[in-house]
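Letter by letter, the chains look like this.
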Amino acid sequence: MHTTVLRSRRMALTGLAIAALFAIGAGPGQAADPFVAGGRSSRPVAAQADQLARAESRARALTAALGIPGTSHRATRLDDRFEHRVYDEVTSFDGDGREVAISRFELDGTVAMAVGLGWRPGTGRAVDSVDVVRPAVAVTRAAGLAVSGQPEVRSSAGSSGWSIAWTRRADGAPVRGDGVRVLLWPDGSFHGLTRSDRPLATVPTRTINAGEARATAESLAVTLFGAAHAEARIISVERAWIAPNDTFGPAGPDAPAATLRLAWIVRFESRGALAERLRMVELWIDAGSGSLLGGDVVE
Amino acid sequence: MSRARWWRPLVPPLLAVVVLMTGSAATAMAAYPASIDVNTSAFNPPCDGDANPIVPKMQAAAKAAYDRLGHVASAFTGAAFTRAATLKRTPADWGYYVHSHGDYYWHATDGRRYTGFREDSGDCNQAVVYSKDIKAKRLGRQSNLVFISTCHAADSNTTMPDAFAIEKTKSSDGVNQGPEFYVGYIGVQWDSDEWTFEQRFWNALAGGRSVGAAFDVAMLGAFNAAGFDANWWGTYGWSGVAGPWTTCRYCS
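Residues numbered from 1 in each chain as written. Chains lettered and ligands numbered in written order. Predicted model: local features only at pLDDT ≥ 70, side-chain atom pairs only at ≥ 80, totals over all residues.

Some remarks on the overall build of chain B
Point 1. What chain B contains, in helices and strands, is 7 helices and 10 strands.
Point 2. Split into buried and exposed, the 252 residues of chain B put 56% on the buried side.
Point 3. Partitioning the intrachain contacts of chain B with sequence separation of at least 6 by distance along the chain shows that 73% fall at a separation of at least 24. (Helix = DSSP H or I, 4+ residues; strand = E, 2+ residues; numbered from the N terminus. Buried ≥ 20, exposed ≤ 12 C-beta atoms within 10 Å, placed from the backbone. Contact = placed C-beta atoms within 7 Å.)

Encoded structure:
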């Protein structure tokens, strides 16, 4: 009888485990798959206890330097298949167990992201777009990040204050999305920080010029936009590093590519009936081969 | 063990499975519907010469996210996403997501502007769904998560939150305005940045973050446009789970 009860309990637990697998919809081999829209982009991966303890120690130092009252910290190593990187994410808690900050660290310890949680626009005197640079630089120093040059400063509703960005440049061209960006509350106190430094492909030995890129884009527009191409005109041609995407290639992966490529960004603006559906379109032309790397649309 | 009782050891595991499956079914039957309206025709053939896969990706991500939050989420596009169909469904919806062309549209009859977005309708002649149309159907009933993935949906003068009875205030630190949260974009934004923002938002929610924390994490993406911006109103600390308040440790 005793054996039967034990067996029953074991089978009950097995049943629960099977049901739980169905409930979370995760198979054992799923972690190796590329990101697919609809799924989660980050998944916990195994890390040694001392690695997680180091991340928590870094979060303790970072939150203290940024003036966030975190008293305890919990780290998880995540594999982010949308961003193509593995990082340690640390949640910081106050004395009441309330989440007060999230920090992310690259595996070499570099700060990748930090944000103070909650909506706290600050009680101090509001700073202007000039004075806000000084506290932003102080935040980067507190996070151990080096920035140089004049940042781009914008008021930001999403940050409920200011966005101060130092865009990364390589081979004389901006690297779209990369660099250091600091979000501050209106009074200049810390809200958020992000740093992106993605791999770049080799600069092509021979590159096409702006005129060749424009001609290629004009030719592609006829195919891509059909009859509507007559209602679109080119308003700029600029060189930049971009993450190739599947905007014009449905067979491509659901996440932007991991390695950025040097491209000519040909921007079209629409008018007439087309503008009621599509305001602007960008075609990203490979600066070396002249092939289409992807693009973007404003609807 | 006698032949007549061979099935008895199987009862506990079967019961366990039944309990869990009944739980899932119960969640589904709690019926907090969410509609996912996505305009694909405007950016794909026949209205556009090429196929644009970003929009279907947004649809798949939003539907999965609302499902994870406990909604009974249904996705509509093409001829299934019309002004009439949206307005017919909206009184029952607790959650709503739309990706389309949006603006602060002139309403000739009223002689004023309202925030709105275009239906899909499966063709290239797409009517505007004004916020006032939605408001007239919902009559102030409770909304949960409302994500208007269009241009101008979160401009300071937007009239769309009011259509879903979401006050344009930010509640945080123990203050709450109910289980509701409105997200939208400011000005005109590029699809690739919206996709990055949305994926980060949905992923953070799936990881158990509050809607406000998920917004803050989403704002720190690697956006192509330096001027990318979004905004929110609602209860920062809310979990995003479908339905009326259940438990909210820090916001009730």
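What to know about the sheet that holds strand β1 (residues 33–38) of chain B
Residue and element names in this part refer to chain B.
Point 1. Read across the sheet, 7 strands follow the order β2-β1-β3-β7-β9-β10-β8 without closing on themselves; strand pairing throughout is mixed. Pairing within the sheet leaves two strands with one partner each, and these edge strands are β2 (72–77) and β8 (170–171).
Point 2. Here 4 bridges tie strand β3 (residues 95–99) to strand β7 (residues 145–149), and the two strands are oriented parallel to one another. Within β7, the residue paired with Y97 across the bridge is F147.
Point 3. Against the sheet, helix α2 (residues 54–68) engages β1, β2, β3 and β7, with an angle of about 175° to β1. (Pairing = 2+ DSSP bridges. Axes fitted to C-alpha atoms, helices over the stretch in contact; angles between N-to-C directions.)

Regarding the confidence of the model for chain A
Point 1. With 89% of its residues at a pLDDT of at least 70, chain A reaches an overall mean of 88.
Point 2. Note on residues 1–31 of chain A: pLDDT is under 50 here. Beyond four places in sequence and across chains, it has 26 contacts. (pLDDT = per-residue confidence, 0-100.)

Concerning the packing of α2 of chain B against helix α6 (residues 191–206) of chain B
Residues and elements named next belong to chain B.
Point 1. Where α2 meets α6, the closest approach of the two axes is 10 Å, and the angle between their N-to-C directions is 15°. It follows that α2 is roughly parallel to α6 by the angle criterion. The interaxial crossing formed by α2 with α6 has left-handed handedness. Contacts between α2 and α6 involve I54, K57, M58, A61, A65 and R68 from the former and D191, W195, E198, Q199, W202, L205 and A206 from the latter.
Point 2. Considered class by class, the residues forming the contact of α2 with α6 number 8 nonpolar, 1 polar and 4 charged. (Parallel < 35°, antiparallel > 145°, perpendicular 65-115°, else oblique. Left-handed = near helix turned anticlockwise from the far one by under 90°. Nonpolar A, V, L, I, M, F, W, Y, C, P; charged D, E, K, R; others polar.)

Focus: the packing of α6 of chain B against helix α7 (residues 211–218) of chain B
Residue and element names in this part refer to chain B.
Point 1. Across the interface, α6 lies against α7 with an axial gap of 8 Å and an inter-helix angle of 145°. Crossing of α6 against α7: the hand is right-handed. Each of F197, R200, F201, A204 and L205 in α6 lies in contact with α7, whose residues at this interface are V211, A213, A214, F215, V217 and A218.
Point 2. Grouping the amino acids of the contact of α6 with α7 by side-chain chemistry returns 10 nonpolar, no polar and 1 charged.

Notes on the pairing of β7 of chain B
Residue and element names in this part refer to chain B.
Point 1. Within β7, 5 of the 5 residues are buried, which leaves the element mostly enclosed by the surrounding structure.
Point 2. Covered by surrounding structure in β7 are L145, F147 and S149 together with V146 and I148, the residues of both alternating faces.
Point 3. With 4 bridges connecting them, β7 and strand β9 (residues 181–185) associate as parallel partners. What sits directly across from I148, in β9, is G184.

What about the sheet that holds strand β5 (residues 112–118) of chain B?
Pairing between the strands of a sheet is mediated by backbone hydrogen bonds and can be parallel or antiparallel.
Residues and elements named next belong to chain B.
Point 1. Pairing is antiparallel across the open sheet formed by 3 strands, whose spatial order is β4-β5-β6. A strand with exactly one partner marks an edge of an open sheet, and here the two such strands are β4 (102–107) and β6 (128–130). Strand-to-strand twist across the sheet, computed as the mean angle between neighbouring axes with direction ignored, equals 50°.
Point 2. As defined by bridge partners, β5 adjoins β6 across 3 bridges and the pair is classed as antiparallel. If you follow F117 over to β6, its bridge partner there is V129.
Point 3. Sheet strands in contact with helix α4 (residues 131–138) are β5 and β6, and its direction is about 55° off that of β6.

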